[in-house]
Amino acid sequence: MNIETLVFYFFSAITIIAAIGVISVKNSVQAVLCLVLAFFSAAALWLLLEAEFLAITLVLVYVGAVMVLFLFVVMMLDVDFAAMKQGFAKQLPLGLLVGAGLFGAIYWVIRFEVFGSDKVPEPAKSDQGYSNVEELGRLLYSEYFYPFEIAGVILLVAIIAAISLTFRGRRDRKGQSVREQHQVLKEERLKIVSMESEKPISNSNVNREVGDAS
Amino acid sequence: MDFMQLVTEGLWIVAKIAMILLPLVLAVAYTTYAERKLIGYMQMRIGPNRVGPKGWLQPIADVVKLLMKEVIVPSGANKTLFLLAPILFIAPSFAAWAVVPFDAELVLADTNAGLLYLLAMTSIAVYGVIIAGWASNSRYALIGSLRSASQIVSYEIAMGFALVGVLMAGGSMNLGDIVEAQNGSALHWFWIPLFPILVIYWISGVAETNRAPFDLPEGESEIVAGFHVEYAGMAFALFFLAEYANMILISILTALFFFGGWLNPFQGIPYLDVATDWVPGTIWLLLKAAWFLFMMIWLRATFPRYRYDQIMRLGWKVFIPVTVFWLIVLTFWIKLEWGWWFDGRGIASLGGAS
């Protein structure tokens, strides 16, 4: 048993516990945080496979961006647990059936006969100068060039579709035009008036005319 | 590998971590002192001058005060998450220092994905802020954490694009290689070809650390202290420590990416070059970083706080288009080998596009 095996079991255990936490924790914010932890420890497992680019990207994209927005939404929700638990017993058989079906399907795909340790060879250790990032870039821009570009186009279409779905084109609201704000000149807002200093009331107006200091 | 070797290696790494973190914590303490003094002078005040000669012991007194204070957990707060949040905030800001090179060979983790790692670490610090705001069970804290989350997510995109520019110019994601690519003279540094990206990276860095004029998450005049309003004592000190550690990190990274890191600024100038040869690279790096740290403090003393819509407009409508445009310019710059920055990487040197 070497240190890598120990690290592997450690992070595997965290991944599994966190994944169970996602579906068993009552508080929805805590469930999202469990999911974040699961992503994070999965990234650590990928690091053990020397896939450092994928591991860090998983942290960057899923943990750093997607889950933040997810947490954002969940924090705003006011979940009524009593309403959620209604009809739990009634729906239980159906839920168990669907769950068992899903589990069976996944198990069939990754069962021991297909993904056993004798079927999938241990990934070869790469040498010192090997750069995961460079190899990935080389593959993406040569062998998988078209799939990569098509995926990019699909994502672009999805972005445009999402914007056009949510954009209502309202123009009746009061907004601030930053361009107008930038073009404001000092002369338009500020008027500098030269004023003589106030004099004590006891003095007569004649003194003010000649600018007497008294 | 036998067990003893493993233990000694582990202890050696822990010692290295301590050698980075202990000076960092001290630097944070004296950055707060420098900030109070500098802003004091800028505003015609004296600043702290009571504890020790000229107030030099003020940060120590502050630390002792914060250590002695009680950590109060508000009623109705989620206790576990409330106490976890400062740890989640400070852990990534310390972890990011693992890939920062202080000299040509002086780096804890010489990894090939250093740039990505830095981006990942700065992006997960936002959890500390969000959880702190939510777990406090306080309106001000929640508003502060929402502001912070939206701000960090927005500026991270501009920052990521800026780092893509750095990675293109340096031809590597390893921070040491990026600095070595700028070797030559002060005119070889990337601040010239990457100037718009430098400006954007710097401003996004200020925004990511929630510093003025981007300090809406803790805007004192509106929401008291934002996401950490309910924290006291050591829990508050952790937030404070992480914010200043992030400031120093952003300053050092700006020096590394755009201003030649540990390289001598007088390189290539006759006489001065030789005369300053004895100065260690770490000193140059720290001097450059200190200048950017000073700029951050200067910014705070100069500019009023941004309005919320202005922040969002700047991030999304100004920074992101400008960085994308400059990435295209940079592609031509590198491929046509303009100037002397990208020798041997253009079309001509590679023998035509493949």
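Residues numbered from 1 in each chain as written. Chains lettered and ligands numbered in written order. Predicted model: local features only at pLDDT ≥ 70, side-chain atom pairs only at ≥ 80, totals over all residues. Heavy atoms only, no water.

*Asks:* Would you take a moment to explain the overall build of chain B for this structure?
*Replies:* The secondary structure content of chain B amounts to 14 helices and zero strands. Sequence-ordered secondary structure for chain B, helices as α and strands as β, is α-α-α-α-α-α-α-α-α-α-α-α-α-α. Overall, the C-alpha framework of chain B stretches about 70 × 55 × 50 Å when taken along its three principal axes. A total of 354 residues make up chain B; the buried ones form 51% of that total. (Helix = DSSP H or I, 4+ residues; strand = E, 2+ residues; numbered from the N terminus. Buried < 20%, exposed > 50% of the residue type's maximum accessible area, 1.4 Å probe, protein only.)

*Asks:* Would you mind going over the packing of helix H8 (residues 195-208) of chain B against helix H10 (residues 233-258) of chain B with me for this structure?
*Replies:* Each pair of packed helices gets described by two things: the angle between the helix axes and the distance between those axes. All names here are of chain B. Direction vectors running N to C along H8 and H10 enclose 170°, while the axes themselves pass 10 Å from each other. Considering their axes alone, H8 and H10 lie roughly antiparallel with respect to each other. Mapping the contact onto sequence places Ile197, Leu198, Tyr201, Trp202 and Gly205 in H8 and Ile250, Leu253, Thr254, Phe257 and Phe258 in H10. Here the residues of the contact of H8 with H10 sort into eight nonpolar, two polar and no charged. (Axes fitted to C-alpha atoms, helices over the stretch in contact; angles between N-to-C directions. Parallel < 35°, antiparallel > 145°, perpendicular 65-115°, else oblique. Contact = heavy atoms within 4.5 Å. Nonpolar A, V, L, I, M, F, W, Y, C, P; charged D, E, K, R; others polar.)

*Asks:* What is the right way to read the domain arrangement of chain B from this model?
*Replies:* By a widely used convention, the size of an interface equals the accessible area lost when the partners come together. All names here are of chain B. As assigned here, chain B comprises domain 1 (1-68) and domain 2 (79-350). Here the C-alpha centroids of domain 1 and domain 2 sit 20 Å apart. Between domain 1 and domain 2 the total buried area reaches about 1800 Å² when both faces are included, carbon and sulfur atoms providing 87% of it. On the domain 1 side of the interface with domain 2, the three residues burying the most area are Ile20, Glu35 and Leu66, jointly 31% of the side's total. Joining domain 1 to domain 2, the criterion identifies two salt bridges. Here Glu35 ties to Arg211 by a salt bridge, and the two come within 2.6 Å at their closest N and O atoms. Put simply, domain 1 and domain 2 have three residue pairs in polar contact (both at pLDDT 80 or more) between them. (Domains from an automatic or database assignment. Buried area = accessible area lost by both parts, 1.4 Å probe. Salt bridge = Lys/Arg side-chain N within 4 Å of Asp/Glu carboxyl O. Polar contact = N/O pair within 3.5 Å; in protein donor to acceptor, adjacent residues only side chain to side chain.)

*Asks:* Got a minute to help me understand the side chain of B:Gln151 in this structure?
*Replies:* Within the secondary structure, B:Gln151 is located in helix H6 (residues 139-170). Once residues within four sequence positions are removed from consideration, B:Gln151 is found in contact with B:Ala207, B:Asn210, B:Phe214, B:Leu216, B:Pro217, B:Ile311 and B:Met312.

*Asks:* Would you mind going over the pattern of salt bridges with me for this structure?
*Replies:* Any two side chains of opposite charge can pair if their charged atoms end up close together. Residues and elements named next belong to chain B. Using the criterion set out here, one finds seven salt bridges over all chains in the structure. The closest approach of N and O atoms between Arg36 and Asp62, which form a salt bridge, is 3.0 Å. With Arg36 in helix H1 (residues 3-42) and Asp62 in helix H2 (residues 58-68), this residue pair connects regions lying 26 residues apart in the sequence. Looking at Asp62, the relative accessible area reads 23%, which means it is partly exposed. Here Asp309 ties to Arg307 by a salt bridge, and the two come within 2.8 Å at their closest N and O atoms. Several salt bridges share partner residues, and in doing so they unite Glu35, Arg211, Glu243 and Arg300 into one network.

*Asks:* What should I look at first to understand the interface of chain B and chain A in this one?
*Replies:* Taken together, the contact pairs 28 residues of chain B with 29 residues of chain A. Between chain B and chain A, a total of about 2300 Å² is buried, with carbon and sulfur atoms accounting for 77% of that surface. Counting the surface chain B buries against chain A, the share from its top three residues, B:Leu116, B:Tyr127 and B:Trp134, is 24%. One can count zero salt bridges joining chain B with chain A.

*Asks:* Which parts of the structure should I look at to understand the packing of aromatic side chains?
*Replies:* Where two aromatic rings form a pair, the distance of their centres and the angle of their planes describe that pair. All names here are of chain B. Overall, the coordinates contain 30 aromatic pairs over all chains when judged by the stated rule. With a centroid separation of 6.4 Å and an interplanar angle of 75°, the aromatic rings of Trp189 and Phe259 are classed as edge-to-face. Placement of Trp189 in the loop between helix H7 (175-180) and H8 and of Phe259 in the loop between H10 and helix H11 (272-275) is noted, with a sequence separation of 70 residues between them. You can call Trp189 buried: its relative accessible area is 6%. (Phe/Tyr/Trp six-rings, centres within 6.5 Å; stacked < 30°, edge-to-face > 60°.)

*Asks:* What should I look at first to understand the nonpolar core in this one?
*Replies:* One broad rule of soluble globular proteins: the nonpolar side chains tend to lie buried together. Residues and elements named next belong to chain B. Judged by nonpolar contacts, the single largest core of 116 residues is most densely connected at Trp97, Tyr127, Tyr201, Leu253, Leu256, Phe257 and Phe258. Looking at this core element by element, the count peaks at 16 residues for H10. Residues in contact with Trp97, not counting those within four places in the same chain, are Ile20, Leu24, Phe102, Ala245, Ile248, Leu249 and Ile252. (Core = buried A, V, L, I, M, F, W, Y, C linked by side-chain atoms within 4.5 Å.)

*Asks:* Looking at this structure, how should I read the domain arrangement of chain A?
*Replies:* Domain assignment breaks chain A into domain 1 (1-81), domain 2 (87-122) and domain 3 (132-161). One C-alpha centre belongs to domain 1 of chain A, the other to domain 3 of chain A, and the line joining them spans 25 Å.

*Asks:* Which parts of the structure should I look at to understand a nonpolar patch on the surface?
*Replies:* Residues and elements named next belong to chain B. A cluster of nonpolar side chains, namely Trp56, Leu57, Ile60, Val63, Val64, Leu67, Met68, Val71, Leu83 and Met234, defines an oily patch on the protein surface of about 910 Å² accessible area. When residues in the nonpolar patch are grouped by element, the largest group, five residues, is from H2. Tracing the chain through its elements places Leu67 in helix H2. (Patch = residues over 30% accessible without salt bridge, like charges linked within 9 Å, V, L, I, M, F, W, Y side chains within 5 Å. Areas by Shrake-Rupley, 256 points an atom, 1.4 Å probe, with all protein chains shown as cover.)

*Asks:* What's the story with helix H5 (residues 126-135) of chain B in this structure? I'm lost.
*Replies:* Counting along an α-helix, one turn takes 3.6 residues, and residues three or four places apart therefore face a common direction. Taken across its ten residues, H5(B) has nine buried, putting it largely inside the fold. Turning to H5(B), its buried residues are B:Val126, B:Tyr127, B:Gly128, B:Val129, B:Ile130, B:Ile131, B:Ala132, B:Gly133 and B:Ala135. Check the buried side of H5(B) and you find it contacts helix H2 (28-48) and helix H3 (52-76) of chain A together with helix H3 (79-95), helix H4 (114-124), H6 and H10 of chain B. B:Asn137 sits one or two residues past H5(B) and shows a positive phi near 60°.

*Asks:* Just checking my understanding: could you explain the side chain of A:Ser41 for this structure?
*Replies:* Residues and elements named next belong to chain A. Assignment of secondary structure puts Ser41 in helix H2. A polar atom in the side chain of Ser41 sits 3.3 Å from the backbone oxygen of Ala38. Apart from residues no more than four positions distant in its own chain, Ser41 is found in contact with Phe11, Ile14 and Thr15.

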